[in-house]
Amino acid sequence: MGFLDRSKPRKVAGSLYIATVKQARQPFLYTKFGVPDTFEGRFNMISLHVFLVLRRLKSNYTRSAKTSQALFDVMFADMDQSLREIGVGDLRVGKNVKAMVASFYGRVSAYEKALRDESDVLLIDAINRNVFSKKQLVRTKSEKFAKYIHLLIFKLDKIALDTILEGKLQFDVNAVNDFEK
């Protein structure tokens, strides 16, 4: 367990995180679906997309455990840096990151439970609660968003795990068009 054993998962996770954030920042998520373009809205999108990548990695957790952990670590190192960049003081950053981690785990739990349900009722509820913070209970947008999530799951499941473990991940940035035609 030398330096290289730890650096490869971190390097791969960095590449996965960059691709994931790129997808989470796609304009259509904010314009078409109405995700609030705020720090919280962007965190919600990054959390959702990271969850979907972690879900895919979980298909063979024995092979992907280090990469999964590294992806989580990279995400929250970025959150730490982002908080500092927006002017959160050093004494509050740790507390805020800890709250974000708890929030992330809550979202993961809600999405996992929702995706086990045959209907989309729980997923739509989770989207309303976690993406729109119950402020904009717009069922039509949540239903479209649920379709988007299912489409991303389908597309991620088609990517070979070896490809992902090499840090090669490309989301279909036009995925929203796939189900609105």
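Refer to the structure above for everything that follows.
Here goes a summary of the coordinates provided. (Residues numbered from 1 in each chain as written. Predicted model: local features only at pLDDT ≥ 70, side-chain atom pairs only at ≥ 80, totals over all residues. Heavy atoms only, no water.)

Glancing now at the layout of surface pockets. Quantified by volume, the largest pocket comes out at close to 380 Å³. The wall of the largest pocket is formed by 14 residues, among which Leu54, Lys58, Tyr61, Val108 and Glu112 lie closest to the centre. Listed by contribution, the elements that provide at least two residues to the lining of the largest pocket are α3 (39-57), α4 (61-85) and α5 (90-116). Counting residues per element, the lining of the largest pocket draws most heavily on α5, which supplies six residues. Split by residue class, the lining of the largest pocket holds eight nonpolar, two polar and four charged. (1 Å grid on protein atoms, 1.4 Å probe; cavity = no way out; pocket = protein on both sides within 12 Å on 5 of 7 lines; lining within 4 Å. Points joined across faces, edges and corners; volume = space filled by probe spheres on them. Helix = DSSP H or I, 4+ residues; strand = E, 2+ residues; numbered from the N terminus. Nonpolar A, V, L, I, M, F, W, Y, C, P; charged D, E, K, R; others polar.)

On to the packing of α4 against α5. Interhelical geometry of α4 versus α5 gives an angle of 140 degrees and a closest axis separation of 10 Å. The orientation of α4 with respect to α5, classified from their angle, is oblique. Classified by chirality, the crossing of α5 by α4 is right-handed. Contact residues: Phe72, Met75, Phe76, Met79, Asp80, Leu83 and Arg84 in α4; Asp90, Val93, Asn96, Val97, Met100, Val101, Phe104 and Tyr105 in α5. Taken together, the residues of the contact of α4 with α5 break down into eleven nonpolar, one polar and three charged. (Axes fitted to C-alpha atoms, helices over the stretch in contact; angles between N-to-C directions. Parallel < 35°, antiparallel > 145°, perpendicular 65-115°, else oblique. Left-handed = near helix turned anticlockwise from the far one by under 90°. Contact = heavy atoms within 4.5 Å.)

Another point: α4. Here α4 contains 25 residues, and its C-alpha end-to-end distance of 34 Å stays within 8% of the 36 Å for a straight helix at 1.5 Å per residue. The sharpest bend along α4 reaches about 25 degrees and sits at threonine 67. Where α4 is concerned, the buried positions are Ser64, Thr67, Ser68, Ala70, Leu71, Phe72, Val74, Met75, Phe76, Met79, Ser82 and Leu83. In the stretch just after α4, glycine 87 is the one whose phi turns positive, near 95 degrees. (Expected span 1.5 Å × (residues − 1). Bend = angle between axes of the 7 residues up to and from the residue. Buried < 20%, exposed > 50% of the residue type's maximum accessible area, 1.4 Å probe, protein only.)

Moving on, we come to the packing of aromatic side chains. Applying the stated criterion across every chain, the model contains eleven aromatic pairs. A centroid spacing of 5.7 Å and a plane angle of 75 degrees characterise the contact between phenylalanine 28 and tyrosine 148, whose relative ring orientation is edge-to-face. Of this pair, phenylalanine 28 sits in helix α2 (residues 27-31) while tyrosine 148 sits in helix α7 (residues 139-158), placing them 120 residues apart in sequence. Across the pair, tyrosine 148 and phenylalanine 28 agree in class, each one buried. Both rings, one in phenylalanine 104 and one in tyrosine 105, keep their centres 6.1 Å apart while their planes meet at 55 degrees; by these two values the pair is tilted. (Phe/Tyr/Trp six-rings, centres within 6.5 Å; stacked < 30°, edge-to-face > 60°.)

Function cannot be inferred from these measures alone, as they are strictly geometric.
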